[in-house]
Amino acid sequence: MGHDNKALFCCGSRPELIKIYPVYRQLQTTTKITPLLCNTGQHRDLMPPHLDSLGITPDFQLNVMRKEQCLDQLMAQLFAQLPSAFDNARPDIVIIQGDTASALASAILAYKKNLPIAHIEAGLRTHDKSSPFPEEIYRQNITTLAKWHFCPTEKARQNLLNENIAEENIFVTGNTSVDMVKNTYKELNGEIFDLPLLRQDKTKPYFLITLHRRESQGAPLMRITNSLLNFAKNNPEFHFIFPLHPNPATSQMIKDQLGTQKNFSLITPLPYPQFVRLMADAFAIITDSGGIQEEAPSLNTPVIVVRNNTERSEGIESGCLRLAGTKKDTILQELNLLINDKAHYKRMQQAHNPFGDGQAANRITAHLIDIIEKTHAKPI
Ligand code: UDP
């Protein structure tokens, strides 16, 4: 094919980069499609170490973050800055991942420029507009704008069929996060990072914790950290490692609440390979993160989800995740069950990962090539 087909990946956050990476890398090895990357800068501080460790230089680097910016101002910056990246890239297809502001703004612009959109991680739903906020509404809107939908699971496909998306445009591929965690763990090959000051006693089992969801801020986060403090005090034989999301709205409150507890280590966010090591070696993970719910089951680490609902209910059904809510009694109940009931712990550890088999990027790449070839045979 004489035509140089270009796919523009638009992303701005750590989880988007981690999840598009396996597809982006595979496209780099094909001659059929040239991948270009636009980093909006939405996670200004979190992204650069990840780009570095993955060896990626974005083709387009935007700078959309302003001090104390609200969600609407972020959207305005995205609409102000994305068009020139689109005009310079002149892509044949726009590829977006998930449900961030960067993904939605890119989808709206692509739609206005009449560019077809492929959506990775399509079809996740809680059907609750307030949780996750604003991602549930962002992803529902992205679905209406996208042409092709790469769903991680059959359930996600069903969600899209219920929204009248054409069956022939939906592909169940698995989540690329599973490709990423499996490949990274394999590449670690047993490597242990020496993370200074992480734990006083390295023989102690530890819980790994991350919390960042916007809808948890305020009272729910207070209840979660109170529960953790109570649990940590009652169980000094465990250590608690907590990489803090840089969002000042949550990190200061967490430091105030947990900073002086002896068996807690509050640390800065880690590069992905080191974080994978920590997930693999943890006794269990306590989190409100989406990506971690998908990754940890491939490392046989049980996950306690401190949210009121999850769009990843396949993991609850499979048994690798437990939904603990955000109330003290339900959180403590789940944590105590995990440390006191060996059979329950083992069942969680051994549960099947329903989010993918590590081959999602192969499938998505094959579909993209097929799509591009068909597009040239018959313009859309
Ligand atoms: N992660 C990381 N370092 C850290 C914490 C998380 O590399 O210190 C990775 C994690 O493995 C997962 C992603 O970041 O791939 C999750 O990001 P986050 O929880 O911020 O977003 P969500 O998945 O909820 O959208």
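Scoring rules and cut-offs
Residues numbered from 1 in each chain as written. Predicted model: local features only at pLDDT ≥ 70, side-chain atom pairs only at ≥ 80, totals over all residues. Heavy atoms only, no water. Helix = DSSP H or I, 4+ residues; strand = E, 2+ residues; numbered from the N terminus. Rg over C-alpha atoms; globule rule 2.2 N^0.38 Å. Buried < 20%, exposed > 50% of the residue type's maximum accessible area, 1.4 Å probe, protein only. Contact = heavy atoms within 4.5 Å. Areas by Shrake-Rupley, 256 points an atom, 1.4 Å probe, with all protein chains shown as cover. Lys, Arg positive; Asp, Glu negative; His and termini not counted. Charge placed at Lys NZ, Arg CZ, Asp CG, Glu CD. Near = heavy atom within 4 Å. Polar contact = N/O pair within 3.5 Å; in protein donor to acceptor, adjacent residues only side chain to side chain. Nonpolar A, V, L, I, M, F, W, Y, C, P; charged D, E, K, R; others polar. Salt bridge = Lys/Arg side-chain N within 4 Å of Asp/Glu carboxyl O. Disulfide = S-S within 2.5 Å. Phe/Tyr/Trp six-rings, centres within 6.5 Å; stacked < 30°, edge-to-face > 60°. Pairing = 2+ DSSP bridges. Axes fitted to C-alpha atoms, helices over the stretch in contact; angles between N-to-C directions. Parallel < 35°, antiparallel > 145°, perpendicular 65-115°, else oblique. Left-handed = near helix turned anticlockwise from the far one by under 90°.

### A word on the overall build of the protein
Part 1: Per the secondary structure count, the protein includes 15 helices and 13 strands.
Part 2: The globule rule puts the C-alpha radius of gyration for 380 residues at 21 Å, and the 21 Å found for the protein is close to it.
Part 3: Its C-alpha atoms give the protein principal-axis dimensions of roughly 65 × 45 × 40 Å.
Part 4: Residues counted as buried form 58% of the 380 residues belonging to the protein.
Part 5: Taking the contacts inside the protein whose residues are at least 6 apart along the sequence as the reference set, 69% of them involve residues at least 24 apart.
Part 6: Looking at the protein as shown, the accessible area adds up to about 16600 Å², and 50% of this sits on carbon and sulfur atoms.
Part 7: Side-chain charges of the protein comprise 40 positive and 39 negative groups, with the mean position of each set lying 2 Å from the other.

### Observations regarding the environment of glutamate 68
Part 1: Locating glutamate 68 in the fold gives a position in the loop between strand E3 (60-61) and helix H3 (71-89).
Part 2: Along the chain, glutamate 68 and isoleucine 93 lie 25 residues apart, while their C-alpha atoms are 33 Å from each other.

### Structural notes on the environment of serine 106
Part 1: For serine 106, the location among the structural elements is in helix H4 (residues 101-112).
Part 2: C-alpha of serine 106 to C-alpha of leucine 78: the two residues are 28 residues apart in sequence and 8.1 Å apart in space.
Part 3: Other than its neighbours up to four places away in sequence, serine 106 contacts Cys10, Leu82, Phe86 and Ile96.

### Quick notes on the site of the ligand
Part 1: Around the ligand, 18 residues are found, and the nearest of them are Leu270, Ser289, Gly290, Gly291 and Glu295.
Part 2: One nitrogen or oxygen atom from the side chain of serine 289 is found 2.8 Å from an oxygen atom belonging to the ligand.
Part 3: One nitrogen or oxygen atom from the side chain of glutamate 295 is found 2.6 Å from an oxygen atom belonging to the ligand.
Part 4: If you list the elements that add at least two residues to the shell around the ligand, you get helix H1 (14-28), helix H10 (272-281) and helix H11 (290-295).
Part 5: Looking at the shell around the ligand, the element that brings in the most residues is H11, giving 4 residues.
Part 6: When grouped by side-chain class, the residues that make up the shell around the ligand number 9 nonpolar, 6 polar and 3 charged.

### Focus on the pattern of salt bridges
Side-chain pairs of opposite charge can arise where the charged atoms are in close proximity.
Part 1: Applying the stated criterion to the full structure yields 22 salt bridges.
Part 2: As a salt-bridge pair, glutamate 167 and arginine 157 come within 3.4 Å of each other at their nearest N and O atoms. One end of the pair, glutamate 167, is in the loop between helix H6 (154-162) and strand E7 (170-172); the other, arginine 157, is in helix H6, with 10 residues separating them in the sequence.
Part 3: Look at arginine 157 and you get buried, because its relative accessible area is 17%.
Part 4: Between arginine 363 and aspartate 357 there is a salt bridge; the shortest N-O distance is 2.6 Å.

### Examining the state of the cysteines
Part 1: Using the criterion set out here, one finds 0 disulfides in the structure.
Part 2: The closest cysteine sulfur to the non-disulfide-bonded cysteine 151 is located on cysteine 320, 19 Å from its own sulfur.
Part 3: Under the relative-accessibility criterion, cysteine 151 is labelled buried at 0%.

### Details of the packing of aromatic side chains
Part 1: This structure, assessed with the given rule, holds 10 aromatic pairs.
Part 2: Both rings, one in phenylalanine 283 and one in tyrosine 345, keep their centres 4.4 Å apart while their planes meet at 10°; by these two values the pair is stacked. Here phenylalanine 283 is found in the loop between H10 and strand E11 (284-287), whereas its partner tyrosine 345 is found in helix H14 (residues 342-350), with 62 residues between them in sequence.
Part 3: For tyrosine 345, a relative accessible area of 14% corresponds to the buried category.
Part 4: Linked through ring pairs, Phe207, Phe231, Phe238, Phe240, Phe264, Phe283 and Tyr345 together constitute an aromatic cluster.

### Structural notes on the sheet that holds strand E12 (residues 303-305)
Part 1: The strand order E10-E9-E8-E11-E12-E13 describes an open sheet built from 6 strands, whose pairing is parallel. Two strands close off the open sheet at either side, each with one partner strand: strand E10 (264-267) and strand E13 (321-323). Averaged over all neighbouring strand pairs, the angle between strand axes comes to 20°, with direction disregarded.
Part 2: Of the strand pairs in this sheet, E12 and E13 are connected by 3 bridges, and their pairing is parallel. Following the sheet pairing, isoleucine 304 is matched in E13 by arginine 322.

### Remarks on the side chain of aspartate 179
Part 1: Position of aspartate 179 among the secondary structure elements: in helix H7 (residues 176-188).
Part 2: No salt bridge is formed by the buried aspartate 179. Its closest oppositely charged neighbour is arginine 363, at 6.5 Å.
Part 3: Looking at aspartate 179, its side chain comes within polar contact range of the main-chain nitrogen of glutamine 359, at 3.5 Å.
Part 4: When sequence neighbours within four positions are dropped, the list of residues in contact with aspartate 179 reads Pro22, Gly358, Gln359, Ala360 and Ala361.

### What about the packing of H4 against helix H5 (residues 135-145)?
Packed helices, taken two at a time, are described by their axes: the angle between them and the distance between them.
Part 1: Contact geometry for H4 and H5: axes closest at 9 Å, N-to-C directions at 25°. Judged on the interaxial angle alone, H5 and H4 are roughly parallel. Where H4 crosses over H5, the handedness of that crossing is left-handed. Touching Ala101, Ala103, Leu104, Ala107, Ile108 and Tyr111 of H4 are Tyr138, Asn141, Ile142 and Leu145, all from H5.
Part 2: Looking at the contact of H4 with H5, its residues break down into 9 nonpolar, 1 polar and no charged.

Spatial relationships are all this shows, so hold off on functional conclusions.
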